[in-house]
Amino acid sequence: MLRRITNINELIDSDSLPRHIAIIMDGNGRWARKRLMPRTVGHRAGMGSLKEVVKACDELKIPVLTVYAFSTENWKRPDNEVQFLMKLLVEFLHKELDELNENDVRVNVIGDYSVLNHECQDEIQRALLTTRNNQGLLFNIALNYGARAEMVEAIKKIVDKVISGEISRDSICEATVASFLYTGGVPDPDLLIRTAGELRLSNFLLWQLAYTELWVTDCLWPDFTRENLFAAIRDYQQRDRRFGALTALEKGDESV
Ligand code: FPP
């Protein structure tokens, strides 16, 4: 049933919005190739989509947005592409920080950004510090992020705590593991959007996506607009989320 409608044209129920949207922004290279342009042109166009989606999530009052900007595997790309992506990150944070801050957005980075160049680290630190007390959208940028590396780090931290006696082996539960991930304290994504049609998770948030609704579109990331975001949310709102249980209807059905 539609209760409160956020955008009359889009029929989004503002009472059942995803609390956390995660996005694998794929297809920048293909978008550029279709136009006989270098891949970097696709990445720059992708930055435009990212700006629009952050703005739309903020306007919709989505609590958390996590985007996969650079994976631990992306270092295997040609050096000029890696350097360009780092420059784009610096440019994005530099140009957008004031507006993000004015809109009460809290910028956060998940992943080991200590290995990025100093310019990137300085810009990240500035964004984190400037927005640290903001109460609006939590905007997680996954940088040098890999879910397996994240889990390895969490395991090491938990082992250290057990060795130091701060926690006991038997007290370790799913909540303990979740709390040691980069996303500790943040609800798991309700909705994962992947553009450019690939049907894989690419080492993104493997723990956190256990019960996430997946929405894949053939649309290439630079073509992705707020209308696509609305379509994903509308689709999500039609899903029957059971988390391994039965629906109310099934529970009452003796013949099952
Ligand atoms: C995947 O497309 C995209 C990336 C690896 C980078 C994502 C970066 C942006 C959207 C730029 C803006 C982001 C920030 C934070 C400044 P691909 O290159 O793998 O595309 P393909 O599969 O078509 O080759």
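First things first, this report covers the structure right here in the doc. Residue indices follow the written sequence of each chain, beginning from 1 at its first position. For a predicted model such as this one, the threshold for reporting local features is a pLDDT of at least 70, and the threshold for listing and counting side-chain atom pairs is 80 or more; totals across whole chains, interfaces and linings nevertheless cover every residue. The basis for every side-chain value is the complete set of heavy atoms in the structure, and neither hydrogens nor water enter the calculation.

**Examining the packing of helix H2 (residues 39–60) against helix H7 (residues 226–238)**
Right, on to step 1. Packing of H2 against H7 leaves a shortest axis separation of 9 Å and a crossing angle of 50 degrees. The orientation of H2 with respect to H7, classified from their angle, is oblique. As for how H2 packs across H7, the hand of that crossing is right-handed. In contact with Glu 52, Val 53, Lys 55, Ala 56, Cys 57, Glu 59 and Leu 60 of H2, H7 contributes Arg 226, Leu 229, Phe 230 and Ile 233.
Right, on to step 2. In terms of residue class, the contact of H2 with H7 is built from seven nonpolar, no polar and four charged. Note on geometry: axes are C-alpha line fits, over the in-contact stretch for helices, and angles between N-to-C directions span 0 to 180 degrees. Every helix listed is a DSSP run of H or I at least four residues long, and every strand listed is a run of E at least two residues long, numbered separately from the N terminus. Orientation labels follow simple angle bins: below 35 degrees gives roughly parallel, above 145 gives roughly antiparallel, 65 to 115 gives roughly perpendicular, and whatever is left gives oblique. Put simply, a crossing is left-handed when the front helix is turned counterclockwise from the back one by less than a right angle, and right-handed when it is turned clockwise. Throughout, a residue-residue contact means that at least one pair of heavy atoms, one from each residue, lies within 4.5 Å. In this classification, the charged set is Asp, Glu, Lys and Arg, the nonpolar set is Ala, Val, Leu, Ile, Met, Phe, Trp, Tyr, Cys and Pro, and all remaining amino acids, among them Gly, are polar.

**What to know about the pairing of strand E6 (residues 213–216)**
Right, on to step 1. Summary of the burial criterion: residues with accessible area below 20% of their type's maximum are buried, those above 50% are exposed, and those between are partly exposed, where the area comes from a 1.4 Å probe applied to protein chains only. Alternating positions in E6 separate cleanly, Glu 213 and Trp 215 being buried on one face and Leu 214 and Val 216 remaining unburied on the opposite face.
Right, on to step 2. For two strands to be treated as a pair, DSSP must find no fewer than two bridges joining them. Pairing geometry for strand E5 (residues 191–194) and E6, over four bridges, is parallel. In the strand pairing of E6, Leu 192 is matched with Leu 214.

**Examining unusual backbone geometry**
Right, on to step 1. Positive phi is not limited to glycine here, since Asn 144 has a value of about 45 degrees.
Right, on to step 2. On the secondary structure map, Asn 144 appears in strand E4 (residues 138–145).
Right, on to step 3. The phi angle at Ala 196 is positive, at roughly 70 degrees, despite the residue not being glycine.

**Brief notes about the pattern of salt bridges**
Right, on to step 1. A pairing counts as a salt bridge when a side-chain nitrogen of Lys or Arg comes within 4 Å of a carboxyl oxygen of Asp or Glu. Evaluation of the coordinates by the stated rule reveals 21 salt bridges.
Right, on to step 2. Where Lys 55 meets Glu 59, a salt bridge forms, and the shortest distance between an N and an O atom there is 4.0 Å. A residue pair is termed a helical-turn pair when its members lie 3 or 4 positions apart in one helix, as Lys 55 and Glu 59 do in helix H2 at four residues.
Right, on to step 3. Judged by relative accessible area, which is 38%, Lys 55 ranks as partly exposed.
Right, on to step 4. Glu 59 sits in the partly exposed class, given a relative accessible area of 44%.
Right, on to step 5. Arg 77 is the salt-bridge partner of Glu 81, the closest N and O atoms lying 2.8 Å from each other.
Right, on to step 6. With a relative accessible area of 30%, Arg 77 lands in the partly exposed category.

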